[in-house]
Amino acid sequence: MDLYEHDAKRIFSKYGIPVPAGDLVTDARQAGEIAAKLGHVAIKAQVLAGGRGKAGGILTAATPQEAVQKAERIMGMSIKGLTVKKLLVEEYKKPEKEMYIGITIDRKARSPVFIAATEGGVDIEEIAKSSPEKIFRTHINPLTGIHDYQVRSVAYLLGRADSASISNLVRKLYMIFTDHDCMLAEINPLVRTSGAFYALDAKMVIDDNSLFRQEFAQEEEDELSALAKQHGMSYVGLDGDIGCMVNGAGLAMATLDMIEQHGGRPANFMDVRAGADEEQIRTALQIVSANKNVKVIIINIFGGLTRCDEVARAIAGREIKIPLVIRLAGTHEEEGRKILSDHGISMAMSTQEVARRAVELGHTH
Amino acid sequence: MDLYEHDAKRIFSKYGIPVPAGDLVTDARQAGEIAAKLGHVAIKAQVLAGGRGKAGGILTAATPQEAVQKAERIMGMSIKGLTVKKLLVEEYKKPEKEMYIGITIDRKARSPVFIAATEGGVDIEEIAKSSPEKIFRTHINPLTGIHDYQVRSVAYLLGRADSASISNLVRKLYMIFTDHDCMLAEINPLVRTSGAFYALDAKMVIDDNSLFRQEFAQEEEDELSALAKQHGMSYVGLDGDIGCMVNGAGLAMATLDMIEQHGGRPANFMDVRAGADEEQIRTALQIVSANKNVKVIIINIFGGLTRCDEVARAIAGREIKIPLVIRLAGTHEEEGRKILSDHGISMAMSTQEVARRAVELGHTH
Amino acid sequence: MGILINKNTRVLVQGITGHEGSFHTAQMKEFGTDVAGGVTPGKGGSEVFGIPVFDSVKEAVEEVDPDATVVFVPPRFTADAIFEAIDSEIELIVCITEGVPVHDMMRICAYLEGSSSRLIGPNCPGITTPGGSKAGIMPNPIHLPGNIGLVSRSGTLTYEIIDLLSKGGLGQSTSVGIGGDPIIGTSFVEILNLFEEDPATHAVVLVGEIGGTAEQDAIDFIEAMSKPVIAYVVGVSAPPGKTMGHAGAIVSKGGGTAREKIQAFESAGIMVGNSPEDIVNKLKNIVII
Amino acid sequence: MGILINKNTRVLVQGITGHEGSFHTAQMKEFGTDVAGGVTPGKGGSEVFGIPVFDSVKEAVEEVDPDATVVFVPPRFTADAIFEAIDSEIELIVCITEGVPVHDMMRICAYLEGSSSRLIGPNCPGITTPGGSKAGIMPNPIHLPGNIGLVSRSGTLTYEIIDLLSKGGLGQSTSVGIGGDPIIGTSFVEILNLFEEDPATHAVVLVGEIGGTAEQDAIDFIEAMSKPVIAYVVGVSAPPGKTMGHAGAIVSKGGGTAREKIQAFESAGIMVGNSPEDIVNKLKNIVII
């Protein structure tokens with residue numbers, strides 16, 4: 001899960017990484033009160049999307065009046081489909097120097113990698129592509145943690161005169177990364193201003209698999225995803241009209257791909273996970289059908305621990321009226337087929353077939 | 001360095017390992033006051049030596065009067081050459097069951113090893129020899145720390161019904177071991193009494209090399225060792241009459257061995273360490289000669305970073321009157337020999353020779 | 001006859017008394033797997049389907065000497081179970097558990113280096129050598145002995161492909177699910193290498209997903225293989241940057257879309273199927289030729 | 001011609017600008033060692049005796065490509081310096097520093113497994129191949145090229161033995177101080193194995209101390225060696241349980257006295273000298289025979 005900038009900054013601050021003074025507001029007028037205290041401020045849309053600056057979601061204001069005006073301009077704005085409901089209003093820091101430090105996971109090396117660059121504030125990937133020599137990388141052994149010599153390398157790169165403060169930031173960022181099971185912990189830009197360092201932006205992505213031991217309030221952008229997650233399932237809304245309910249992420253993606261290959265458009269991705277029982281399937285059906293665009297629903301289950309007869313029972317007892325295209329295979333497949341045929345429901349024999357039939361059915365509706 | 005039982009118990013207690021209530025006293029009468037509060041007490045001599053119990057250094061008392069009497073009996077007692085100056089007076093716990101847990105370093109495996117036994121209170125090495133199958137051992141990877149499955153193994157061994165409390169103790173003992181750079185951290189016996197567990201005794205040995213990062217008050221048993229340590233040297237008093245001042249522990253031991261081979265008895269072990277300069281050597285001479293038994297002093301230096309000319313100058317300018325037998329070799333050997341011969345001092349050519357000459361000289365004194 | 005496991009492989013089940021563990025233990029036994037023992041701490045001394053249960057892997061090793069272990073324990077305890085298996089020097093560890101924290105996996109993978117164990121997974125369906133043994137959770141009836149090697153990052157999608165292969169008369173030497181998570185114990189290349197060296201395998205199906213660059217990393221190796229490989233990559237229609245159930249199915253910042261992977265295979269002259277049916281058809285052409 | 005180092009070995013010095021580091025760098029150069037570079041963080045760009053100094057081992061590797069490194073950095077920073085050398089894949093790391101915490105060494109030794117580096121030490125005088133190269137702190141004038149291999153846990157005692165060997169006409173193929181601490185990177189057995197395989201070595205002197213069982217652990221290997229080995233163990237007169245300067249020179253609870261070690265060698269039929277002179281005399285008999 002992604003953390004909001006203001007949540008990440010709260011954690012940074014707790015670990016002693018300096019961030020600009022500021023506060024979160026949900027009402028544009030509050031921006032004026034904060035500006036009255038802090039003077040020149042930056043007003044930043046809090047949405048879980050990149051490119052906020054380019055979209056006009058980050059503005060500065062020199063006076064309280066201006067702060068209110070700018071805050072009003074940003075509040076309610078839509079950035080990459082997300083509505084801005086919260087703003088971070090913080091002291092504006094004019095950077096003398098902008099740098100980048102971040103830690104992410106290198107899947108190939110199977111270890112964290114610390115990345116630093118003497119340029120920041122712009123897209124680090126752009127720099128990585130155009131001038132790879134400007135990007136410093138060092139892999140961290142997950143059993144030992146970051147070594148002092150690695151910390152020193154980053155510090156010498158970013159500023160020999162400031163190496164003590166930078167070393168400190170590097171160590172703290174690594175602590176944040178490991179303590180919070182991060183997939184990413186990033187300061188971009190890290191700025192130097194009047195001899196001090198500040199994290200002007202803060203980004204943290206938490207490993208979803210770690211949430212049983214990390215304490216983060218789940219703040220989903222949409223209700224259906226949140227509901228699915230509550231039930232141990234995974235749901236992502238898409239903009240088509242064919243609802244999908246599949247067990248297994250790979251099979252779910254294959255189903256979406258084949259809907260598109262047949263000229264249809266999926267309304268969602270949904271993985272009901274292994275071992276789903278009758279009730280779970282019923283809940284999944286409710287979630288998928290809650291999307292008003294859905295004209296037809298694909299149920300594509302290849303059962304292992306999930307039993308086809310349980311799925312069939314959930315289907316037979318459904319309350320929704322949207323047409324279904326069903327494919328059940330694997331554990332208790334025969335029993336499942338029998339339950340459905342007793343209810344007059346026919347079954348497709350493969351993902352290919354279920355996708356084709358759903359697209360056909362969608363067109364006739 | 002060894003910690004006193006009461007110091008180790010203070011650390012155990014801080015980490016949440018239960019120890020009997022009690023206090024340290026330096027006056028036998030105080031034992032009565034503590035017994036008045038605690039009831040039945042155990043009175044334990046605080047000396048850095050094993051076998052206190054057999055030597056009569058651990059007694060119990062049922063009343064305050066008895067506590068004072070027993071404390072008087074122990075205070076001032078000599079155990080393995082050490083005078084008892086402090087007593088730990090603590091609540092007497094009648095054990096239902098005595099066990100052993102300890103962590104030490106396995107030099108061959110180059111890792112910590114956790115040792116547990118269902119019998120405790122007696123010498124663990126005796127059990128290890130007579131019934132090795134009763135001793136549970138599990139090596140700990142120093143990069144990962146103790147694994148839960150290892151903790152569980154110990155807990156199941158010592159008491160399945162109490163596995164949660166024992167697991168807790170095991171984890172804490174390992175934390176103590178790593179946090180304090182221990183060579184040994186041991187609870188013997190670990191007792192179960194009225195459903196609760198207590199560390200009746202506590203032993204910790206700290207790696208001397210770690211003292212730059214560990215905060216332990218140096219409490220040396222004898223002044224000369226303490227003085228030597230202050231100057232970065234190593235001194236151990238022995239009961240012979242030939243003083244020794246050598247650079248390097250191996251060469252120092254070889255020197256002692258050869259003194260004995262020639263029928264003499266060394267008065268001390270001393271390693272002045274690499275890089276000793278004129279002043280260091282002068283201090284070392286003072287320490288060695290402070291032992292009143294010393295009739296003759298061997299100076300045996302094979303210089304690397306230590307320069308023979310500096311050693312020679314220290315010898316030439318000495319203030320003590322005890323005869324010296326000298327051997328200097330290695331860096332600036334010629335210059336050293338010249339300085340000594342200018343002062344009319346002759347030199348032996350090997351450890352063998354220096355030992356032989358010292359023994360001869362000792363006999364004529 | 002296939003890779004990694006065969007009918008002589010003695011299999012241990014960690015988490016044998018759990019819901020999933022016991023279900024799949026029964027399935028494995030039915031398949032013909034020699035399930036030699038199980039481990040559930042605190043349940044040592046009991047039995048599951050006549051299989052002895054031990055408190056620890058160490059005891060299981062002493063009593064029943066397994067060659068492989070299948071891990072079903074919940075995510076919170078998975079890392080410890082794998083460490084225990086590695087320390088007990090079990091050669092092959094198959095971790096089925098979904099939802100293991102990535103940081104735990106990084107530590108485990110670093111620990112595996114220099115050990116004598118191989119880890120498959122986590123979050124994988126395991127390994128099936130048809131006619132031999134199954135160490136995992138693939139449905140029993142879909143397999144057919146043959147000479148196609150299959151390696152996949154997916155679970156249920158793999159079942160469908162195996163099912164279609166079998167129905168099309170294309171039996172499998174071994175099917176291996178390496179897992180869909182960002183950090184896994186054994187890579188495509190390592191499995192491809194085993195298939196290349198396995199005389200019973202004549203052609204290989206590789207099933208990839210969006211996320212990471214594991215598919216691209218395999219290309220150099222595939223180009224040097226003597227056996228034909230056909231690739232299939234799902235997630236073309238997945239919106240970039242959205243989490244797709246698997247932590248592994250996130251489009252990583254630096255590339256990793258399904259389209260990029262498919263293009264990489266095609267540029268290298270490696271055959272790509274666009275559906276399970278297509279894979280079967282293309283394979284039939286190869287195998288006939 | 002000897003083991004571990006020879007005249008072509010390119011040596012790096014970590015901690016080159018320190019008191020000890022610079023002194024022994026000069027000594028090594030004088031001996032004929034190819035000292036290719038040095039490292040002191042913050043002093044990159046400077047020079048010591050014409051040798052370039054770098055901020056990091058990585059930079060040194062890029063610029064001067066060393067085969068070995070000699071570590072002189074203080075105990076507080078030693079572990080990090082060794083980790084840096086391992087991560088930079090330097091083949092041979094010789095750690096001279098005395099006083100490195102045992103817990104640091106345990107972590108390093110676990111880290112070394114599966115790495116491409118070998119560590120000698122810590123708390124050791126290093127390695128000398130007379131007529132070839134020196135990576136360490138043994139005094140220059142005492143060595144003589146020849147065919148005796150020497151391996152020792154001691155420092156200055158080793159110098160005396162080498163000195164007597166040389167004066168007795170018994171030159172050395174290589175002398176190795178493995179260090180006196182409880183946890184060291186390379187054991188007696190590993191060095192004995194190198195001497196056994198080295199055609200230039202005809203006989204070996206092993207110098208042990210009280211503490212641990214490293215000497216006993218070597219016995220099986222020595223018994224299988226084709227070359228004669230003569231052992232010398234000091235600390236017979238050391239009182240048990242007293243710290244003798246080296247952390248390694250503590251008589252461990254479970255055995256490890258000098259007398260036990262000597263008896264173990266003698267029971268196995270391995271020759272034991274009782275003084276440096278005795279070693280030289282006994283070796284002369286062997287070498288003549």
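Model, not experiment: these values are computed from the prediction.

Comments concerning the packing of helix H2 (residues 28–38) of chain B against helix H3 (residues 64–74) of chain B
Residues and elements named next belong to chain B.
Inference 1: Closest axis-to-axis distance for the H2/H3 pair is 7 Å, and the angle between their directions is 150°. Between H2 and H3, the angle is such that the two are roughly antiparallel. As for the relative orientation of H2 and H3, their crossing is right-handed in sense. Of the residues in H3, those in contact with Ala28, Arg29, Ala31, Gly32, Ala35 and Ala36 of H2 are Pro64, Ala67, Val68, Ala71 and Glu72.
Inference 2: Of the residues assigned to the contact of H2 with H3, the class counts are 8 nonpolar, 1 polar and 2 charged.

Quick look at the pairing of strand S11 (residues 172–177) of chain D
Residues and elements named next belong to chain D.
Inference 1: The buried fraction of S11 is high, at 6 of 6 residues.
Inference 2: Where strand S8 (residues 126–129) meets S11, 3 bridges bridge the pair, whose relative direction is antiparallel. Bridge assignment links isoleucine 127 to a residue of S11, and that residue is valine 176.
Inference 3: Where strand S10 (residues 145–152) and S11 come together, 6 bridges link them in parallel fashion. Following the sheet pairing, proline 145 is matched in S11 by glutamine 172.
Inference 4: The parallel pair S10 and S11 is bridged by helix H5 (residues 156–167), and the resulting crossover is right-handed.

A look at the domain arrangement of chain C
All names here are of chain C.
Inference 1: For chain C, the domain assignment lists domain 1 (10–120) and domain 2 (138–284).
Inference 2: Spacing between the C-alpha centres of domain 1 and domain 2 amounts to 26 Å.
Inference 3: Taking both sides of the interface into account, the surface hidden between domain 1 and domain 2 amounts to around 1000 Å²; carbon and sulfur atoms contribute 58%.
Inference 4: When the area that domain 1 buries against domain 2 is broken down by residue, the three leading residues are Phe31, Arg118 and Ile120, summing to 43%.
Inference 5: On inspection of domain 1 and its partner domain 2, the count reaches 1 salt bridge.
Inference 6: We note a salt bridge from glutamate 190 to arginine 118, for which the minimum N-O separation is 3.6 Å.

Some details on the sheet that holds strand S7 (residues 118–120) of chain C
Inference 1: Read from one edge to the other, the open sheet built from 7 strands follows the order S3-S4-S2-S1-S5-S6-S7 (chain C), with strand pairing classed as mixed. The open sheet has two edge strands with one neighbour each: strand S3 (47–48) and S7 of chain C.

Focus: the domain arrangement of chain A
Buried accessible area, meaning the area lost when the parts come together, often serves as the stated size of an interface.
Inference 1: In terms of domain boundaries, chain A breaks down into domain 1 (21–91), domain 2 (97–213) and domain 3 (223–363).
Inference 2: Each of domain 2 of chain A and domain 3 of chain A was reduced to a C-alpha centroid, and the two centroids are 42 Å apart.

Thoughts on the sheet that holds S8 of chain D
Residue and element names in this part refer to chain D.
Inference 1: Within the open sheet, the 7 strands sit side by side as S9-S8-S11-S10-S12-S13-S14. Their pairing is mixed. Pairing within the sheet leaves two strands with one partner each, and these edge strands are strand S9 (133–136) and strand S14 (271–272).
Inference 2: Sheet topology note: the S10/strand S12 (residues 203–209) ladder contains 5 bridges and is parallel. Looking at the pairing, serine 152 lines up with valine 207 of S12.
Inference 3: On the sheet, H5 packs against S10, S11, S12 and strand S13 (229–234) and is oriented at approximately 160° with respect to S10.

Brief notes about the nonpolar core
As a rule of thumb, soluble globular proteins bury nonpolar side chains together.
Inference 1: Of all hydrophobic cores here, the largest spans 128 residues; its most connected members are Phe12, Phe114 and Met204 of chain A together with Phe12 and Phe114 of chain B.
Inference 2: If near-sequence neighbours (up to four positions away) are discounted, phenylalanine 12 of chain B is found in contact with Ile17, Val19, Leu173, Ile176, Glu186, Ile187, Ala199, Ala202 and Met204 of chain B.

Looking at the interface of chain C and chain A
Inference 1: Each partner contributes to the interface: chain C provides 61 residues, whereas chain A provides 51 residues.
Inference 2: Interface area for chain C against chain A, summed over the two sides, is near 4500 Å², with a carbon-plus-sulfur share of 59%.
Inference 3: Joining chain C to chain A, the criterion identifies 4 salt bridges.
Inference 4: The salt bridge involving aspartate 104 of chain C is made with arginine 213 of chain A; its shortest N-O contact spans 2.8 Å.
Inference 5: Linking chain C with chain A are 19 residue pairs in polar contact (both at pLDDT 80 or more), by the criterion used here.
Inference 6: Considering every element that reaches the side of chain C that touches chain A, the biggest residue donor is helix H4 (residues 102–112) of chain C, with 8 residues.
Inference 7: Among the residues forming the side of chain C that touches chain A, the class breakdown is 27 nonpolar, 19 polar and 15 charged.

Considering helix H1 (residues 5–14) of chain A
Residue and element names in this part refer to chain A.
Inference 1: The element H1 is extensively covered by neighbouring structure, given that 7 of its 10 residues are classed as buried.
Inference 2: Inspection of H1 places Glu5, His6, Asp7, Ala8, Lys9, Ile11 and Phe12 among the buried residues, and these make up the whole buried set.
Inference 3: Of the residues one or two after H1, glycine 16 is the one with positive phi, at around 90°.

Some remarks on helix H6 (residues 163–179) of chain A
Every α-helical turn comprises 3.6 residues, leaving residues that sit three or four positions apart pointing alike.
Residues and elements named next belong to chain A.
Inference 1: Here H6 is 17 residues long and its end C-alpha atoms lie 24 Å apart, about the 24 Å a rise of 1.5 Å per residue gives.
Inference 2: Residues Ser163, Ile166, Ser167, Leu169, Val170, Lys172, Leu173, Tyr174, Ile176 and Phe177 constitute the buried set of H6.
Inference 3: With its phi angle positive at about 50°, aspartate 181 sits one or two positions after the end of H6.

Let's talk about the environment of alanine 8 of chain A
Residue and element names in this part refer to chain A.
Inference 1: Residue position: alanine 8 is located in helix H1.
Inference 2: With 285 residues separating them along the chain, alanine 8 and asparagine 293 place their C-alpha atoms 35 Å apart.
Inference 3: Those residues in contact with alanine 8, other than ones at most four positions away along the chain, are Leu3, Ala202, Lys203 and Met204.

Overview of unusual backbone geometry
Inference 1: The amide bond that connects asparagine 188 of chain A to the next residue, proline 189 of chain A, takes the cis arrangement and shows omega of 5°.
Inference 2: Among the secondary structure elements, proline 189 of chain A is positioned in strand S10 (residues 182–193).
Inference 3: For the peptide bond that leads from glycine 121 of chain D to proline 122 of chain D, omega is 10°, which places it in the cis range.
Inference 4: Mapping proline 122 of chain D onto the fold places it in the loop between strand S7 (118–120) and S8.
Inference 5: For histidine 332 of chain B, which is not a glycine, the phi torsion comes out positive at approximately 60°.
Inference 6: Tracing the sequence through the fold places histidine 332 of chain B in the loop between strand S17 (324–330) and helix H11 (333–342).
Inference 7: Looking at histidine 332 of chain B, the relative accessible area reads 31%, which means it is partly exposed.

Structural notes on the confidence of the model for chain A
Inference 1: Looking at chain A as a whole, the pLDDT averages 91, with 97% of positions reaching at least 70.
Inference 2: Per-residue pLDDT, averaged within each element of chain A, yields its smallest value for helix H4 (residues 124–130) of chain A (73) and its largest for H6 of chain A (97).

Concerning the pattern of salt bridges
Two side chains of opposite charge can pair, provided their charged atoms sit close to one another.
Inference 1: According to the stated counting rule, one finds 83 salt bridges over all chains in the structure shown.
Inference 2: Here aspartate 55 of chain C makes a salt bridge to arginine 160 of chain B, at a shortest N to O gap of 2.2 Å. Placement of aspartate 55 of chain C in the loop between strand S4 (51–54) and helix H2 (57–64) and of arginine 160 of chain B in the loop between helix H5 (148–158) and helix H6 (163–179) is noted, with the two residues assigned to different chains.
Inference 3: Among the residues examined, aspartate 55 of chain C registers a relative accessible area of 5% and is labelled buried.
Inference 4: Given the relative accessible area of 43%, arginine 160 of chain B is considered partly exposed.
Inference 5: The partner of lysine 167 of chain C in a salt bridge is aspartate 163 of chain C, and the shortest N-O contact between them spans 2.9 Å. You can see lysine 167 of chain C and its partner aspartate 163 of chain C sitting in helix H5 (residues 156–167), 4 residues apart, about one turn around the helix.
Inference 6: Judged by its relative accessible area of 57%, lysine 167 of chain C falls in the exposed class.
Inference 7: Its relative accessible area of 10% is what places aspartate 163 of chain C among the buried residues.

Here is what the cut-offs are and how they apply
- Residues numbered from 1 in each chain as written.
- Chains lettered and ligands numbered in written order.
- Predicted model: local features only at pLDDT ≥ 70, side-chain atom pairs only at ≥ 80, totals over all residues.
- Heavy atoms only, no water.
- Axes fitted to C-alpha atoms, helices over the stretch in contact; angles between N-to-C directions.
- Helix = DSSP H or I, 4+ residues; strand = E, 2+ residues; numbered from the N terminus.
- Parallel < 35°, antiparallel > 145°, perpendicular 65-115°, else oblique.
- Left-handed = near helix turned anticlockwise from the far one by under 90°.
- Contact = heavy atoms within 4.5 Å.
- Nonpolar A, V, L, I, M, F, W, Y, C, P; charged D, E, K, R; others polar.
- Buried < 20%, exposed > 50% of the residue type's maximum accessible area, 1.4 Å probe, protein only.
- Pairing = 2+ DSSP bridges.
- Right-handed = clockwise from strand over helix to strand, strands pointing away.
- Domains from an automatic or database assignment.
- Buried area = accessible area lost by both parts, 1.4 Å probe.
- Salt bridge = Lys/Arg side-chain N within 4 Å of Asp/Glu carboxyl O.
- Core = buried A, V, L, I, M, F, W, Y, C linked by side-chain atoms within 4.5 Å.
- Polar contact = N/O pair within 3.5 Å; in protein donor to acceptor, adjacent residues only side chain to side chain.
- Expected span 1.5 Å × (residues − 1).
- pLDDT = per-residue confidence, 0-100.

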